[in-house]
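Take a look at the letters that make up each chain.
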Amino acid sequence: DLTLAPGDTVIWENGTYANQEVNFIRFFGTAEAPIVLKAENPGGVIFTGESPMKVFGTHLIVEGFYWLEGIGTNNHVETRRSGSSTDLCADCIIRECAFDNLFTTAPDKSRWIVLRGQRNIAENCTFQNKNSTGVMILVELSSQGSTTADHIIRNNYFYNVTAKDDFTTNSGDSETIRTGSSGNQTVNARVRVEHNYFQSTDGENEIISNKSAENRYLHNTFRGSRGSLVLRHGARARVEGNFFLGKGKAKSGGIRVTARDHDHVIVNNYMAGLVNDNDPWNNGITIVAGDAASGGNSNGYQRVDDVVIAFNTIYDAGDPIFSTIAVPTYPPAGTLARTKSTAPGGNQRHRC
């Protein structure tokens, strides 16, 4: 057991380590003097086999580790002491780590990073070759109570999430990022997902699934990926400055709005080369008209109200703006303004 004080750094010697259970817990740094656990060189410490990591404390930094082709346990790297609902991280960072083909045999699933607690950051990491079900990054809010999460997911690279259509279970839990769950949709999470790059992330129809309130999705790029950024539940999301470059991939989409409350703002996004193949769920902008009341913990399709969609550009999309019906008795409502849709050759295209 180590005794660490604020400002201490632990350097893990380069090498390949099989079946390492890492518990970086009960250490408490400060903003001025964090406690760091890092690989000797970025990527130089390789974990194989079953090698989960738990992180609990304050102002801790985990840096430079590489998980390669091992067993992807559920909640593989998690910001809490194992099994605890109270020993959660605050102000901790997972930085410059890589996750590559951590596989779990069906029907089990693995979630590679699970963020709990408050103000934690996952940044400058690589996530690639996701061949089993489960979310690459999950914001878990079940122990959040009345506090905001305020996590940041930024500057990460997500690559090659294979389609999970043939999985009999958990295929619908294969988003690349999910913020919350249906049961936590009224939590004001205030998570920022920004400056990330998504390439060939085809796990399911939702690349990002928003299931909590007051989150921000800013300046991300989606390239050649099936699915959409989906406001599935929750209120007051902001989606701004993102690039959706379908590159002609089937079922490539932009932004789907299926959640009510109020004050969703979708502005200044660019979409091009999207192909929906008669799929009503993945268009440039898709608005789903549901009928369930907002809030609560229902996973039904809720009413779409008070949404502002403005200053977006959609170029060469099968259906640039499309309103589909999940439950037909309550039409969507909001403001659609100054959104330009153009086909090759400059022709205007709208379907609403």
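Residues numbered from 1 in each chain as written. Predicted model: local features only at pLDDT ≥ 70, side-chain atom pairs only at ≥ 80, totals over all residues. Heavy atoms only, no water.

**Topic: the packing of aromatic side chains**
In this structure the tally under the stated criterion is 19 aromatic pairs. On the numbers, 4.8 Å between centres and 5° between planes, the contact of W67 with F99 is stacked. Here W67, found in strand β8 (residues 65-68), pairs with F99, found in strand β11 (residues 98-100); they are 32 residues apart in sequence, far enough to count as distant. Neither W67 nor F99 differs from the other in exposure class; each is buried. Arranged with centres 6.0 Å apart and planes meeting at 40°, the rings of Y157 and Y197 form a pair that is tilted. Of this pair, Y157 sits in strand β17 (residues 157-161) while Y197 sits in strand β20 (residues 197-201), and the two are 40 residues apart along the sequence. With a relative accessible area of 30%, Y197 lands in the partly exposed category. Taken together, the aromatic side chains of W12, Y17, F47, F65, W67, F99, W112, F127, F158, F198, F222 and F244 make up a single cluster linked through ring pairs. (Phe/Tyr/Trp six-rings, centres within 6.5 Å; stacked < 30°, edge-to-face > 60°. Helix = DSSP H or I, 4+ residues; strand = E, 2+ residues; numbered from the N terminus. Buried < 20%, exposed > 50% of the residue type's maximum accessible area, 1.4 Å probe, protein only.)

**Some words on the pattern of salt bridges**
With the rule as written, the count across this model stands at 18 salt bridges. With its nearest N and O atoms 3.8 Å apart, the salt bridge here joins K38 to E63. One end of the pair, K38, is in strand β4 (residues 35-39); the other, E63, is in strand β7 (residues 60-63), and 25 residues separate them in sequence. On the basis of relative accessible area, K38 is assigned to the partly exposed category, the value being 26%. (Salt bridge = Lys/Arg side-chain N within 4 Å of Asp/Glu carboxyl O.)

**So, the environment of Q199**
In this fold, Q199 is placed in strand β20. Along the chain, Q199 and G246 lie 47 residues apart, while their C-alpha atoms are 9.8 Å from each other.

**Section: empty space enclosed by the protein**
Counted according to the given criterion, the structure contains one cavity of 30 Å³ or more. Of the volumes computed, that of the largest cavity is approximately 30 Å³. Around the largest cavity, the lining residues are F222, R223, G224, S225, F244, L245, G246, S252, G253 and L274. Only β23 (221-223), β26 (243-245) and β27 (252-257) provide two or more residues apiece to the lining of the largest cavity. Taken together, the residues that form the lining of the largest cavity break down as four nonpolar, five polar and one charged. (1 Å grid on protein atoms, 1.4 Å probe; cavity = no way out; pocket = protein on both sides within 12 Å on 5 of 7 lines; lining within 4 Å. Points joined across faces, edges and corners; volume = space filled by probe spheres on them. Nonpolar A, V, L, I, M, F, W, Y, C, P; charged D, E, K, R; others polar.)

**Some thoughts on the pairing of strand β5 (residues 45-48)**
The two faces of β5 differ: V45 and F47 on one face are buried, but I46 and T48 on the other face are not. Pairing of β5 with β8, which is carried by three bridges, proceeds in the parallel orientation. Residue pairing across strands places F47 opposite W67, the latter belonging to β8. (Pairing = 2+ DSSP bridges.)

**Section: the pairing of strand β24 (residues 227-233)**
Of all seven residues making up β24, seven are buried, and the element is well covered by its neighbours. Direction of pairing for strand β21 (residues 206-211) relative to β24: parallel, over a ladder of five bridges. Each residue of the ladder has a partner; that of I208, found in β24, is L229. Relative to β27, β24 runs parallel, the two being bridged by four bridges. Paired with V230 across the strands is R256, a residue of β27.

**A few points about the environment of S85**
Tracing the chain through its elements places S85 in the loop between β9 (77-78) and β10 (93-95). For the pair S85 and S142, spaced 57 residues apart in sequence, the C-alpha separation works out to 8.4 Å.

**A few points about unusual backbone geometry**
The phi angle of most residues is negative, glycine excepted, and most peptide bonds adopt the trans form. Even without being glycine, R26 reaches a positive phi, approximately 65°. One can find R26 in strand β3 (residues 22-28). A positive phi angle, close to 60°, is found at H219, a residue other than glycine. Here H219 is to be found in the loop between β22 (216-218) and β23.

**Re the nonpolar core**
Ranked by size, the top nonpolar core spans 65 residues in total, and within it F24, M53, F65, W67, F99, F127 and I137 carry the most contacts. Ignoring any residue separated from it by four or fewer positions in sequence, one finds F24 in contact with L4, I35, V36, L37, K54, V55, F56, L60, I61 and V62. Within the second largest apolar cluster, five residues are counted, among which are V36, I93, I121 and I152. (Core = buried A, V, L, I, M, F, W, Y, C linked by side-chain atoms within 4.5 Å. Contact = heavy atoms within 4.5 Å.)

**What to know about the side chain of N269**
Among the structural elements, N269 can be located in the loop between β28 (264-267) and β29 (270-274). Owing to a relative accessible area of 2%, N269 belongs among the buried residues under this scheme. At a separation of 3.1 Å, a polar atom in the side chain of N269 contacts the main-chain carbonyl oxygen of V239. Ignoring anything within four residues of it in the chain, the contact list for N269 reads V239, E240, G241, N242, F244, I255, F311, N312 and T313. (Polar contact = N/O pair within 3.5 Å; in protein donor to acceptor, adjacent residues only side chain to side chain.)

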